[in-house]
Amino acid sequence: MLAAQQRPRLIDERGLRTDGRRPDELRPIRIELGVLKNADGSAIFEMGNTKVIAAVYGPKEMHPRHMALPDRTVLRVRYHMTPFSTDERKNPAPSRREIELSKVIREALESAILTELFPRATIDVFMEVLQADAGTRLVSLMAASMALADAGIPMRDLIAGVAVGKADGVLVLDLNEAEDMWGEADMPIAMMPSLNKVVLFQLNGTMTPEELRQALELAKKGIAEIYQLEKKAIKEKFVEVS
Amino acid sequence: MSVTSDRLQTIVSNVKKASILKALERGVRLDNRKPDEYRPLSITLGYAKKADGSALVKLGDTMVLAGTKLEMDEPFPDTPNQGNLMVNVELLPLAYETFEPGPPDENAIELARVVDRSLRDSKAVDLSKLVIIPGKKVWSLWVDVYVLDFAGNVMDASTIAAVAAIYNTKLPKVEVNGEEVKVLTERTDVTPLAYPVVTLTAAKVGNFVVIDPNLEEESIADAKLSISYTPDMRIVGIQKSLGGAMKLEEIPQIEEVTRKAANRLFSELKNTFGIA
């Protein structure tokens, strides 16, 4: 739908974005834990109009056995978009993009999960994008992080992430779809906030080295906000259970 | 599905790992390089004669061959005044003991997509030069990068090989009669490369950062950061890889190191190989 349109103005004369947000403002976030009966842990994570469901199975015995690793758990991670998550139907076969994102998400989870506690075992993490409206890799990663916490799997920290972009030359926090499509840059970054460690970091588009430094500062601020909401969601689940 | 695997890792003994870290404490590497030093680079343009453009790149012991092919195509409806660019990377079974034949796996796909984004976002490939009849006929530029010897930092070598092969590509002369296009055997002097891009990879090994990691360094690294640059030092792509993490403050520090190395690499491309 958007592809046929002319490039819209991304920042108006008041300095606001196409959805009325300030450049440093996040979209509304909703987190729900334990949404699936069968999975050991699950979560729905919404950020604006992006919505992802994640499920965790394990730790469990690794099959086939020869794939098991003697010193740590094998993670099996799938990021997948439902065909109805985008404006035009997405072919459900895994695209090259989904294969790449499954890899960067797995690598991010490897650094958070204490995989050395479960040698020879496997943990499965599945993410389905239900609505795609920019930021799906990060919302998927955060949904996975919440599902892992819901499953009680030991982690060094929760993962919080946000994309910083450049729209009409202005650095903006948490890109929306128009900014993702028409903006000059998209820099997704995810961290373990208490440890100050970056677990996922990419950039496509162009930035100057100076803009990169400003973008990292902006991301840090957004990540701190999201992290508080994640901790709140976990505490709320515990209150419900007890 | 992405699965944890040690297939890309050489088995590096704890003794070797300790000696790599011990040497880095003294500011040297086991192959006698300084932490910010690139391995010797060689580029042979036109190595594969049937390709429209090709380049054999050696970076230390790493060897990568890139070849291009031009095919006449229709443009995408939303970009009538642009040709098409397609990048593919293959990790060949002859390149490393544990590599198997088959369609590109996640590692090959990631390499291809990082190279593709670097070339595309930088506008280093001038896609408007690939237009024959606007909206009707364009060239599709296929860039196939074949990894022949997997000896560390295949990422940077792949970008160099792709850039050099595109630089080596000269568009054929064509005769246009209305909507009829006749491709002649002669070539123009026109290359689709507007300017080179480079990707610089730094690896975090223990508390140290090294540029252009060799295979042993890569296999004990916690994380790698690959940053792509244009000659005017715009950043045109970043990819963090491997299952470890780095501190937020380390990113600007690493970027300063990779930027300096990128500057040196651009000088070498220009002065030694004439690619500018």
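Residues numbered from 1 in each chain as written. Chains lettered and ligands numbered in written order. Predicted model: local features only at pLDDT ≥ 70, side-chain atom pairs only at ≥ 80, totals over all residues. Heavy atoms only, no water.

Moving on, we get to the nonpolar core. Formed by 146 residues in total, the largest nonpolar core has its most connected members in A:Leu109, A:Met187, A:Ile189, A:Phe201, B:Ile43 and B:Leu119. Those residues in contact with B:Leu119, other than ones at most four positions away along the chain, are B:Leu85, B:Val87, B:Ala124, B:Val125, B:Ala162, B:Val163, B:Ile166 and B:Val197. One finds B:Val12, B:Ile20, B:Val205 and B:Val210 within the second-largest nonpolar core, a separate group that totals nine residues. (Core = buried A, V, L, I, M, F, W, Y, C linked by side-chain atoms within 4.5 Å. Buried < 20%, exposed > 50% of the residue type's maximum accessible area, 1.4 Å probe, protein only. Contact = heavy atoms within 4.5 Å.)

Between side chains of opposite charge, a pair can form when the charged atoms approach closely. Counted under the stated rule, the structure contains 48 salt bridges over all chains. Salt-bridge contacts for A:Arg27 lead to A:Asp174; the nearest nitrogen and oxygen are separated by 3.0 Å. Separated by 147 residues along the polypeptide, A:Arg27 in the segment before β1 (29-33) and A:Asp174 in the loop between β7 (170-173) and α3 (177-182) bring together distant segments of the chain. In terms of burial, A:Arg27 and A:Asp174 fall into one category: buried. With a shortest N-O distance of 2.4 Å, A:Glu61 and A:Arg65 are connected by a salt bridge. By sharing partners, the salt bridges in this structure join B:Arg29, B:Asp31, B:Arg33, B:Arg39, B:Asp212 and B:Glu217 into a single network. (Salt bridge = Lys/Arg side-chain N within 4 Å of Asp/Glu carboxyl O. Helix = DSSP H or I, 4+ residues; strand = E, 2+ residues; numbered from the N terminus.)

So, about unusual backbone geometry. Along the chain, A:Gly58 connects to A:Pro59 via a cis peptide bond; the corresponding omega equals 0 degrees. Cis geometry is found at the peptide bond from A:His63 to A:Pro64, where omega equals -5 degrees. Relative to the helices and strands, A:Pro64 resides in the loop between β3 (50-61) and β4 (74-81). Unlike most non-glycine residues, A:Ala134 shows phi in positive territory, near 75 degrees. The buried category is assigned to A:Ala134, whose relative accessible area is 8%. One non-glycine residue, B:Asp212, adopts positive backbone phi at about 50 degrees. Here B:Asp212 shows up in the loop between β11 (208-211) and α4 (215-220).

This part covers the interface of chain B and chain A. The interface of chain B with chain A comprises 39 residues on the first partner and 42 residues on the second. For the pair chain B and chain A, the two sides together bury roughly 3700 Å², of which 59% comes from carbon and sulfur. When the buried area of chain B at its contact with chain A is split by residue, B:Met1, B:Thr4 and B:Leu248 rank highest and sum to 19% of it. The tally of links from chain B across to chain A stands at six salt bridges. (Buried area = accessible area lost by both parts, 1.4 Å probe.)

Residue and element names in this part refer to chain B. This model, assessed by the stated rule, comprises three aromatic pairs over all chains. Seen in terms of ring centroids, Tyr-96 and Phe-150 are 5.5 Å apart; in terms of plane orientation they differ by 55 degrees. Their pairing is tilted. Of this pair, Tyr-96 sits in the loop between β5 (84-91) and α2 (106-121) while Phe-150 sits in the loop between β7 (137-149) and α3 (154-167); the two residues are 54 residues apart in sequence, bridging distant segments of the chain. Judged by centre distance (4.9 Å) and plane angle (70 degrees), the ring pair of Phe-99 and Phe-150 falls under edge-to-face. In this pair, Phe-99 is assigned in the loop between β5 and α2 and Phe-150 in the loop between β7 and α3, connecting sequence segments 51 residues apart. Across this residue pair, the class does not change: Phe-99 and Phe-150 are buried. Every member of this aromatic cluster is reached through a ring pair, and the members are Tyr-96, Phe-99 and Phe-150. (Phe/Tyr/Trp six-rings, centres within 6.5 Å; stacked < 30°, edge-to-face > 60°.)

Residue and element names in this part refer to chain A. Secondary-structure assignment places Val-56 in strand β3. Its relative accessible area of 0% is what places Val-56 among the buried residues. Those residues in contact with Val-56 that sit more than four places away from it in its chain are Ala-39, Asp-40, Gly-41, Ile-123, Asp-124, Val-125, Ala-144, Ala-147, Leu-148, Ala-151 and Ile-153.

All names here are of chain A. One way to put it is that helix α1 (residues 96-112) packs onto helix α2 (residues 136-150) with a least axis distance of 10 Å and a crossing angle of 40 degrees. As summarised for this structure, α1 and α2 are arranged oblique, according to the angle between their axes. At the point where α1 passes α2, the crossing takes the right-handed sense. For the pair formed by α1 and α2, the contact residues are Arg-97, Leu-101, Ile-105, Ala-108 and Leu-109 on the first element and Thr-136, Arg-137, Ser-140, Leu-141, Ala-144 and Leu-148 on the second. Of the residues assigned to the contact of α1 with α2, the class counts are seven nonpolar, two polar and two charged. (Axes fitted to C-alpha atoms, helices over the stretch in contact; angles between N-to-C directions. Parallel < 35°, antiparallel > 145°, perpendicular 65-115°, else oblique. Left-handed = near helix turned anticlockwise from the far one by under 90°. Nonpolar A, V, L, I, M, F, W, Y, C, P; charged D, E, K, R; others polar.)

All names here are of chain A. Bridge analysis of strand β6 (residues 160-167) against β7 gives four bridges, and the strand direction is antiparallel. Looking at β7, one finds that Ala-167 is bridged to Val-170. Counted along the chain from β6 to the antiparallel partner β7, the turn is two residues long, and its residue Asp-168 has a positive phi close to 50 degrees. (Pairing = 2+ DSSP bridges.)

It is worth stressing that arrangement in space is one thing and function is another; only the former is reported here.
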